[in-house]
Amino acid sequence: MKILVPIKRVADPDNANKLKISSDAKVDTTGLEWKPNPFDEYAVETALRLTENGANTKARVGEVVVVMFGPKEAESTLRAALATGADRAIRIDANDADLDGDVVAQGLKAIVDKEKPDLVLLGKQTVDSDSNQVAQLVAEYLGWPQATFAATIRSEGDKALHVGREVDGGTLHLKVTLPAVVSVDLRIVAPKSVRSAHTAEGHAYPDGVRFAALMAIMAAKKKPLVEEKLSDLVPGATRKIEYTSFALPPARAAGIKVKSVQELVQKLKAEAKVL
Amino acid sequence: MMSHTLVIAEMHEGKVRKSTLSAVTFARQVGAPFAILVIGAGAAKAAAEVVAFGAQKVLVCDDASLGNYVCERFAPTVAALVKSLAFDIIAVTASSYGKDLAPRVAAKIGAGYAPDVSGVVVDGGKLTYKRPMYAGNAFGTCAVTTPLQVVSVRQSDFAAAEASGGASEIEAVPYAGPDAAAAHVEFVSLEHGKNERPDLGEARVIVSGGRALKEQFAAVLDPLANLLGAAVGASRAACDAGYASPELQVGQTGRVVAPKLYFAIGISGAIQHLAGMKGSKVIVAINKDADAPIFQVADYGLVADLFTAVPELVTELKAQA
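Residues numbered from 1 in each chain as written. Chains lettered and ligands numbered in written order. Predicted model: local features only at pLDDT ≥ 70, side-chain atom pairs only at ≥ 80, totals over all residues. Heavy atoms only, no water.

### Quick notes on the domain arrangement of chain B
Residue and element names in this part refer to chain B. As a reminder of what qualifies: How far each domain reaches was decided by an automatic or database domain assignment. By definition in these notes, contact holds between two residues if any of their heavy atoms fall within 4.5 Å. A simple way to read buried area is as the amount of 1.4 Å-probe accessible surface that goes missing from two parts once joined, with both sides added. Put simply, a salt bridge is a Lys or Arg side-chain nitrogen that is within 4 Å of an Asp or Glu carboxyl oxygen.
Per the domain assignment, the segments of chain B are domain 1 (5–184) and domain 2 (205–320). Between the C-alpha centres of domain 1 and domain 2 there is a distance of 32 Å. The interface is formed by seven residues belonging to domain 1 together with eight residues belonging to domain 2. Contact between domain 1 and domain 2 buries roughly 560 Å² in total, counting both sides, with carbon and sulfur atoms accounting for 48%. At the junction of domain 1 and domain 2, the tally comes to zero salt bridges.

### Remarks on the interface of chain A and chain B
As a reminder, the rule being used: Distance and chemistry together define a polar contact, namely a pair of N or O atoms within 3.5 Å, with one atom able to donate a hydrogen and the other to accept it when in protein, and with adjacent residues in sequence counting only for side-chain atoms on both sides. Put simply, DSSP H or I for four residues or longer makes a helix, DSSP E for two residues or longer makes a strand, and each gets a number counted from the N terminus. Basically, the charged four are Asp, Glu, Lys and Arg, the nonpolar ten are Ala, Val, Leu, Ile, Met, Phe, Trp, Tyr, Cys and Pro, and anything else, Gly included, counts as polar.
Counting from both sides, the interface comprises 73 residues of chain A and, opposite them, 85 residues of chain B. Of the roughly 6,900 Å² buried where chain A meets chain B, counting both sides, 55% is carbon and sulfur surface. Looking at the side of chain A facing chain B, the largest losses of area belong to A:Asp168, A:Lys240 and A:Arg252, adding up to 11% of the total buried there. Linking chain A with chain B are six salt bridges, by the criterion used here. In this structure, A:Arg187 and B:Asp240 form a salt bridge, with 3.2 Å as the shortest nitrogen-oxygen distance. Linking chain A with chain B are 44 residue pairs in polar contact (both at pLDDT 80 or more). Secondary structure elements with two or more residues in the side of chain A that touches chain B: α1 (38–50), α4 (134–142), β9 (146–156), β10 (160–167), β11 (170–177), β15 (241–247), β16 (256–258) and α7 (261–270) of chain A. Per-element accounting of the side of chain A that touches chain B gives the leading share, eight residues, to β11(A). Partitioning the side of chain A that touches chain B into residue classes produces 34 nonpolar, 20 polar and 19 charged.

### Some remarks on a nonpolar patch on the surface
For clarity, the threshold we go by: Residues forming no salt bridge and having over 30% relative accessible area are the ones grouped into patches, like charges within 9 Å of each other and nonpolar side chains (Val, Leu, Ile, Met, Phe, Trp, Tyr) within 5 Å. Residue exposure ignores everything except the shown protein chains as possible cover, and the areas themselves are Shrake-Rupley values with a 1.4 Å probe.
Side chains of A:Leu214, A:Ile217 and A:Met218 sit close together on the surface and give an oily, nonpolar patch of about 300 Å² of accessible area. For A:Met218, the location among the structural elements is in helix α5 (residues 214–220).

### A closer look at the sheet that holds strand β10 (residues 138–144) of chain B
As a reminder of what qualifies: Any two strands between which DSSP finds at least two bridges are classified as paired. Note on geometry: axes are C-alpha line fits, over the in-contact stretch for helices, and angles between N-to-C directions span 0 to 180 degrees.
Pairing in this open sheet of four strands is antiparallel, and the strands run β15(A)-β10(B)-β9(B)-β8(B) from one edge to the other. Taken across any chain shown, the strands that pair with only one partner, and hence form the sheet edges, are β15 of chain A together with β8 (119–123) of chain B. For this sheet, the mean angle separating the axes of adjacent strands, direction not counted, is 25 degrees. Pairing of β8(B) with strand β9 (residues 126–133) of chain B, which is carried by five bridges, proceeds in the antiparallel orientation. Across the sheet, the residue bridging to B:Val122 is B:Leu127, located in β9(B). Here helix α1 (residues 20–30) of chain B sits on the sheet and contacts β8 and β9 of chain B; the angle it forms with β8(B), its principal contact strand, is near 20 degrees.

### A closer look at the sheet that holds β16(A)
For sheets, the rule is that strands pair by backbone hydrogen bonds, running either parallel or antiparallel. With parallel pairing, six strands are arranged side by side in an open sheet as β16(A)-β18(B)-β17(B)-β16(B)-β14(B)-β15(B). Bordering the open sheet on either side are β16 of chain A together with β15 (231–234) of chain B, each of which pairs with just one other strand. Ignoring which end each strand starts from, the neighbouring axes of this sheet average 25 degrees apart. The pairing of strand β14 (residues 205–209) of chain B with β15(B) spans four bridges and is classified as parallel. The residue of β15(B) that forms the bridge with B:Ser208 is B:Gly233. Along the sheet face, helix α5 (residues 217–228) of chain B touches β14, β15 and β16 (261–265) of chain B and points at about 170 degrees away from the line of β14(B).

### Points about the nonpolar core
Rule in force here: Here, the term nonpolar core denotes a set of buried Ala, Val, Leu, Ile, Met, Phe, Trp, Tyr and Cys residues that are joined through side-chain atoms within 4.5 Å. Throughout this description, buried means an accessible area under 20% of the type-specific maximum (1.4 Å probe, protein chains only), exposed means over 50%, and partly exposed covers the range between.
Core analysis: the largest hydrophobic core is formed by 47 residues, its most contacted members being B:Val24, B:Phe26, B:Ile36, B:Val38 and B:Tyr129. The element best represented in this core is α1(B), accounting for six residues. In this view, B:Phe26 contacts B:Ile89, B:Ala91, B:Val120, B:Tyr129, B:Val151, B:Val153 and B:Phe158; residues no more than four positions away in its chain are not counted. By size, the runner-up hydrophobic cluster in this structure holds 46 residues, among which are A:Ala47, A:Leu82, A:Leu119 and A:Ala150.

### Remarks on α7(A)
Rules: It is the directions from the helix axis to the C-beta atoms whose arc is reported.
Every buried residue of α7(A) is accounted for by A:Val261, A:Leu264, A:Val265, A:Lys267 and A:Leu268. Around the axis of α7(A), the buried residues are gathered within 160 degrees of arc, so they sit on the same side. Elements that come into contact with the buried residues of α7(A) comprise β16 of chain A together with β16, β17 (282–287), β18 (300–303) and α8 (306–320) of chain B.

### Considerations on the environment of A:Gly157
Residue and element names in this part refer to chain A. Mapped onto the fold, Gly157 is located in the loop between β9 and β10. The class for Gly157 is partly exposed, based on a relative accessible area of 47%. Remark: the alpha-carbon pair of Gly157 and Ser196, spanning 39 residues in sequence, is separated by 8.2 Å.

### Points about the pattern of salt bridges
Pairing is possible between side chains that carry opposite charge, provided their charged atoms lie close to one another. The full count for this structure, using the stated rule, is 39 salt bridges over all chains. Between A:Lys229 and A:Glu227 there is a salt bridge; the shortest N-O distance is 3.2 Å. Exposure remark for A:Lys229: the relative accessible area of 38% places this residue in the partly exposed category. As a salt-bridge pair, B:Asp179 and B:Lys108 come within 2.6 Å of each other at their nearest N and O atoms. Note that B:Asp179 is positioned in the loop between β12 (169–172) and β13 (185–192) and B:Lys108 in helix α4 (residues 96–109), a separation of 71 residues in sequence.

What follows is the structure, encoded as structure tokens:
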């Protein structure tokens, strides 16, 4: 199976509460580190699991290609994905300011038309814009089926995927025939969430995403990374959504500490009037 | 510009989901005439549930092949209606259904998509949206640049519309058939928890627990939730550890909730969790770590061992009932 995994870098999500808003109402991420979008890391891990025998994670059965939109300095994020096992990388040269989910989806369609993967696998949302849209958009542009918010994936002979989607109140199971677009949710990296056609039933992975060994990080520097230009792929693409300003959320007024359960109940009744 | 809004209803087990009424509230705020589309098998019967909300029309697309939601079977009909009836704003509540369906519809009709918005401002026919980003640590103000716009709205920020009386005209609309892609996707099953409690999105009170509850998650929280008629929620850590079912997760990537009263029990308060609940009216935190970040957003904090404090709370509430 050949899998295309679009990835994005985001300002350190664990320190997102340290964001500042500049005087011209823009988001100021100064001092925050760039990190791969966590959901995209899960997508890379999922792609690796789908293209291997879980008992031998060194050998790929198929190919994993990672793709990113962004400036030259974003290539370190692609190299990090190569170090964990992806085979090659594509950077689509673009300024962050020219991108929105729709431009990215159109660019991905152009890459898919060239690369002809069996599966486009990506995170369900990026944790900076929290939009949750690229998988659905690119599925429509390609005319492919979509399975969003996947918590489990089982590959059936590399021809079809059984996907358990996390939906409000439960799990919705779909079977998609490849080629398809799948977006992944948090629990896709649980030990038994993903099983390729090459992996024995019952195989359990370590929880979470795999880390690259030092040797692999060195080797990743030699893996192919090619550059494309957004303007060549989708000439004249323009954003369909424009942000004019940003603001910090209103702060919650400081609360109080109560000393006992009795005091808590009394406050909830008499003061907050919610009981 | 004359605008005209289409609200896409969500159906579940033959009924219109209450979450739909958040998108109706959005449509009322936009102020333009609006229609509600009830789409799914059994829609003809369910349509009566939404005739008293001030829609010009309730459009019904009832087809036996729409028994289970599959995006590729639903999206074409929405797109066809936007064209034939000249809607320019398409709104849906940002449930897992709305989040799956709305972008595909947007791509189909060449519309820009404003996802998961928490507010709308109408100024001379131009709409600007407010939406939370960075796990709720910033709010962006944005506008869609295309003539057609698709919007998904947060249930936690758009209160369910109240019936306004009257009776919208019900009109059957044709099923536009499936996308070609629908031949490559098959609905298999929907597992949903046998949950007798209110839905997290609709509950007045939510009792949420963290990893600290361990295997005692249900044993400790259920008596309190039962007593208060509350929904039960959980932190990601509690779900990942298997102490709580994944659909209970509250947070940036789980459910976003805004009840009148939210209990955070044994939850430290990671920013991803706070993103899902800090719109709650009153927040109570019970945690034995006095420095836990949850106390920075809690209206009432109790530093205590939850294994004794929660049963004590149940006893106290019963005594005062």
